[in-house]
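Architecture and fold: a report
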Amino acid sequence: MERLKAGSVVWCPFDTAESAFVKVLSGNGFHVIYGHIHTGQDFFTAQVPDCDYIVSNPPYSLKGQVIRRLYEIGRPFAMLLNFQGIFDSKERFQMFYENRVEMLWLSPRVEYTGKGMEKSKRAPFQSGYLCSGICKNQLEFAYLDSQRT
């Protein structure tokens, strides 16, 4: 959150009102617009709301298409993604070559929970934020907790 301008408008296109992104951003003074395929909003066809940032956790199976659409939209974004194989796709590699890409590596690994899911010790893969227009440097690091383990 420290990388986003206070009081900004944030679009969370893969989220519902119960989403941690929506709750945490709203609770910290951001105006949040959210939507989800289950509430009738399709990220790929939805009209882009007037927003300063786009922040969410998109479906990993669609990460290439999501990243392409984000670059087409042209707003600063931060997407929580599995970094494994992120550069393996020729199409994604070309998008990153032609556009600003930033990676915010997180430690420890992200704990994913969902409706009806128990909190796991940690995910079996490395996640972080794939960003554009958010970070000062193309590679940055952040701790998820204050213990810095």
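Our structure is the block above this text.
Residues numbered from 1 in each chain as written. Predicted model: local features only at pLDDT ≥ 70, side-chain atom pairs only at ≥ 80, totals over all residues. Heavy atoms only, no water.

Looking at helix H3 (residues 90–98)
When H3 is considered as a whole, its buried residues turn out to be Arg92, Met95 and Phe96. Axial view of H3: buried residues confined to an arc of 95 degrees, hence all on one face. Across from the buried face of H3, at angles greater than 90 degrees, the exposed residues are Lys90, Tyr97 and Glu98. For H3, the N-terminal capping position is held by Ser89, with its side-chain oxygen 3.3 Å away from the main-chain nitrogen of Glu91. (Buried < 20%, exposed > 50% of the residue type's maximum accessible area, 1.4 Å probe, protein only. Helix = DSSP H or I, 4+ residues; strand = E, 2+ residues; numbered from the N terminus. Arc of directions from axis to C-beta. Polar contact = N/O pair within 3.5 Å; in protein donor to acceptor, adjacent residues only side chain to side chain.)

Quick word on the pairing of strand S3 (residues 53–56)
Consecutive side chains of a regular strand alternate in pointing toward one face of the sheet and then the other. Because side chains alternate across S3, one face comprises the buried residues Tyr53 and Val55, and the other comprises Ile54 and Ser56, equally buried. Across two bridges, strand S1 (residues 9–12) lies against S3 in parallel orientation. Residue Trp11 lies in a different strand from S3, and its bridge partner there is Ile54. Taken together, the three bridges between S3 and strand S4 (residues 77–82) define a ladder with parallel strand orientation. Paired with Val55 across the strands is Ala78, a residue of S4. Remark: the S3/helix H2 (residues 63–73)/S4 crossover connection has right-handed handedness. (Pairing = 2+ DSSP bridges. Right-handed = clockwise from strand over helix to strand, strands pointing away.)

Topic: the environment of Asp42
Looking at the element boundaries, Asp42 is found in the loop between strand S2 (31–34) and S3. Its relative accessible area of 29% is what places Asp42 among the partly exposed residues. It is 8.2 Å that separates the C-alpha atoms of Asp42 and Pro13, two residues lying 29 residues apart in sequence.

Some thoughts on the layout of surface pockets
With a probe scaled to a water molecule rolled over the atoms, the places where space remains empty come into view. Taken as a whole, the second largest pocket holds about 150 Å³ of empty space. For the second largest pocket, the full set of lining residues is Pro13, Phe14, His36, Ile37, Gln41, Asp42, Phe43, Phe44, Pro59 and Leu62. Across the lining of the second largest pocket, the residue classes tally to seven nonpolar, two polar and one charged. (1 Å grid on protein atoms, 1.4 Å probe; cavity = no way out; pocket = protein on both sides within 12 Å on 5 of 7 lines; lining within 4 Å. Points joined across faces, edges and corners; volume = space filled by probe spheres on them. Nonpolar A, V, L, I, M, F, W, Y, C, P; charged D, E, K, R; others polar.)

So, the side chain of Ser19
Looking at the element boundaries, Ser19 is found in the loop between S1 and helix H1 (20–27). Overall, Ser19 belongs to the buried group, its relative accessible area being 12%. A polar contact is formed between the side chain of Ser19 and the side chain of Asp15, at a distance of 2.6 Å.

Some points on the pattern of salt bridges
A full pass over the atoms with the stated rule returns four salt bridges. The partner of Glu140 in a salt bridge is Arg3, and the shortest N-O contact between them spans 2.8 Å. Residue Glu140 is found in strand S7 (residues 139–143), and its partner Arg3 is found in the segment before S1; the two are separated by 137 residues along the sequence. Judged by its relative accessible area of 24%, Arg3 is partly exposed. The salt bridge partner of Arg68 is Glu91, with a shortest N-O separation of 2.7 Å. In this pair, Arg68 is assigned in helix H2 and Glu91 in helix H3, connecting sequence segments 23 residues apart. A relative accessible area of 41% means that Glu91 is categorised as partly exposed. A single salt-bridge network, built from bridges that share partners, covers Glu2, Arg3 and Glu140. (Salt bridge = Lys/Arg side-chain N within 4 Å of Asp/Glu carboxyl O.)

Observations regarding the nonpolar core
Ranked by size, the top nonpolar core spans 21 residues in total, and within it Ile54, Ile67, Met79 and Leu130 carry the most contacts. Of all elements in the fold, only S1, H2, S4 and H3 reach the threshold of two or more residues within this core. Counting residues per element, this core draws most heavily on H2, which supplies five residues. Ignoring anything within four residues of it in the chain, the contact list for Leu130 reads Ile67, Phe77, Ala78, Met79, Leu81, Phe83, Phe96, Val101, Glu102 and Met103. (Core = buried A, V, L, I, M, F, W, Y, C linked by side-chain atoms within 4.5 Å. Contact = heavy atoms within 4.5 Å.)

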